[in-house]
Amino acid sequence: MLFIVDNNINDNPNNKWIVLFTVCLGVMIISLNMSITNVSLPAISEYFTISLNQTEWVITSYFITYVGLVTLFADIGNFKGHGRIFSIGILLFLISSILCSISPSIDFLIGSRLLQGLAASMILAGPLVIIEYYFPTNMLGRAMGVYGMMVAIGLGLGPVVGGLVQDFFGWRAIFLVNIPVCLIVLP
């Protein structure tokens, strides 16, 4: 919806801000998700009665997949459209968040986090290109500043939100935090 390339996008100055808001929410949920899970590792370890070392694969699998695939999806976005890759990533992130929250075993949780890492790489592969497309040069610095601020907010809020959500609703709920944001961002 928001990422259909429209040559008249600059005719409505609000369109670029809607695009920025959408991209920033997507990126914020990814950065939030990077730090929210750390808080719940002891609870996950206890729930599945495994060592904390084994539980660390919940985070490691996410990061390996995310870091390993982000440049691939940036290249694919150059051909298929960064907005399309971003939107598919949001949908996969939504699905993988649900799968993480219902994980019956640690292996299922790690596999779901692999899928979540794949989705995160799709989401993070193109936002800067999308922002650069929609914003004129004289406004690009401001837009990039908002983008960077949202990444920092997500990273900063992760441990706080993760601790509160886990204390009140259990470790599975930390993955459900992603769902409302994904639904807002989906076109």
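Cut-offs used in this document
- Residues numbered from 1 in each chain as written.
- Predicted model: local features only at pLDDT ≥ 70, side-chain atom pairs only at ≥ 80, totals over all residues.
- Heavy atoms only, no water.
- Helix = DSSP H or I, 4+ residues; strand = E, 2+ residues; numbered from the N terminus.
- Expected span 1.5 Å × (residues − 1).
- Bend = angle between axes of the 7 residues up to and from the residue.
- Buried < 20%, exposed > 50% of the residue type's maximum accessible area, 1.4 Å probe, protein only.
- Axes fitted to C-alpha atoms, helices over the stretch in contact; angles between N-to-C directions.
- Contact = heavy atoms within 4.5 Å.
- Nonpolar A, V, L, I, M, F, W, Y, C, P; charged D, E, K, R; others polar.
- Core = buried A, V, L, I, M, F, W, Y, C linked by side-chain atoms within 4.5 Å.
- Polar contact = N/O pair within 3.5 Å; in protein donor to acceptor, adjacent residues only side chain to side chain.
- Patch = residues over 30% accessible without salt bridge, like charges linked within 9 Å, V, L, I, M, F, W, Y side chains within 5 Å.
- Areas by Shrake-Rupley, 256 points an atom, 1.4 Å probe, with all protein chains shown as cover.
- Salt bridge = Lys/Arg side-chain N within 4 Å of Asp/Glu carboxyl O.
- pLDDT = per-residue confidence, 0-100.
- Phe/Tyr/Trp six-rings, centres within 6.5 Å; stacked < 30°, edge-to-face > 60°.
- Lys NZ or Arg CZ within 6 Å of the ring centre and 35° of its normal.

## Here's the deal with helix H7 (residues 137-169)
Link 1 in the chain: Spanning 33 residues, H7 covers 45 Å between terminal C-alpha atoms, matching the ideal 48 Å at 1.5 Å per step.
Link 2 in the chain: The sharpest bend along H7 measures roughly 40 degrees and falls at Leu157, with the proline Pro159 sitting one to four residues further on.
Link 3 in the chain: Among the residues of H7, Met139, Leu140, Ala143, Tyr147, Met150, Gly154, Gly158, Gly162, Gly163, Val165 and Gln166 are the ones counted as buried.

## Examining the packing of helix H3 (residues 57-80) against helix H4 (residues 82-101)
Link 1 in the chain: Closest axis-to-axis distance for the H3/H4 pair is 8 Å, and the angle between their directions is 145 degrees. Facing Tyr62, Phe73, Ala74, Ile76, Gly77, Asn78 and Lys80 of H3, the residues of H4 in contact are His82, Arg84, Ile85 and Phe93.
Link 2 in the chain: In terms of residue class, the contact of H3 with H4 is made up of six nonpolar, three polar and two charged.

## Some remarks on the nonpolar core
Link 1 in the chain: Among the nonpolar cores identified, the biggest contains 50 residues, and Ile30, Phe93, Ile106, Leu109, Ile131 and Phe135 are the most heavily contacted of them.
Link 2 in the chain: Those elements that provide at least two residues to this core are helix H1 (13-47), H3, H4, helix H5 (106-124), helix H6 (127-134), H7, helix H8 (173-176) and helix H9 (178-185).
Link 3 in the chain: At 14 residues, the largest contribution of residues to this core is made by H1.
Link 4 in the chain: Once residues within four sequence positions are removed from consideration, Ile131 is found in contact with Leu20, Val23, Leu140, Ala143, Met144 and Tyr147.

## Brief notes about the environment of Ile153
Link 1 in the chain: Tracing the backbone shows Ile153 in helix H7.
Link 2 in the chain: Sequence separation of Ile153 and Ser31 is 122 residues, and the distance between their C-alpha atoms is 8.1 Å.

## Considering the side chain of Ser61
Link 1 in the chain: Considering the arrangement of structural elements, one finds Ser61 in helix H3.
Link 2 in the chain: A polar atom in the side chain of Ser61 sits 2.7 Å from the backbone oxygen of Trp57.
Link 3 in the chain: In this structure, Ser61 is in contact with Ile110, Arg113 and Leu114, ignoring residues within four places of it in sequence.

## Side note on unusual backbone geometry
Link 1 in the chain: One non-glycine residue, Thr49, lies in positive phi territory at about 45 degrees.
Link 2 in the chain: If you trace the backbone, Thr49 turns up in the loop between H1 and helix H2 (52-55).

## Let's talk about a nonpolar patch on the surface
Link 1 in the chain: Nonpolar side chains collect at one region of the surface, where Val160, Leu164, Phe168 and Phe169 lie side by side and expose about 490 Å² of accessible area between them.
Link 2 in the chain: With respect to the helices and strands, the residue Leu164 is situated in helix H7.
Link 3 in the chain: Assessed through its relative accessible area of 47%, Leu164 is described here as partly exposed.

## Points about the confidence of the model for the protein
Link 1 in the chain: Confidence along the protein averages 90 in pLDDT terms, with 92% of residues attaining 70 or more.
Link 2 in the chain: Contacts from residues 1-10, a stretch scored under 50 in pLDDT, to residues over four places away or in other chains number 22 contacts.

## Re the packing of aromatic side chains
Link 1 in the chain: As enumerated under the stated definition, the model contains nine aromatic pairs in all.
Link 2 in the chain: Three or more aromatic residues joined by ring pairs form one cluster here, namely Tyr47, Phe48, Trp171 and Phe175.
Link 3 in the chain: Seen from the ring of Tyr62, Arg113 lies directly overhead, with NZ or CZ sitting 4.3 Å from the centre.

## Here's the deal with the environment of Phe63
Link 1 in the chain: Turning to its location among the elements, Phe63 is positioned in helix H3.
Link 2 in the chain: What makes Phe63 partly exposed here is its relative accessible area of 29%.
Link 3 in the chain: Separated by 51 residues in the primary sequence, Phe63 and Leu114 have C-alpha atoms spaced 8.4 Å apart.
Link 4 in the chain: Not counting residues within four places of it along the chain, the set of residues in contact with Phe63 comprises Met34 and Gly68.

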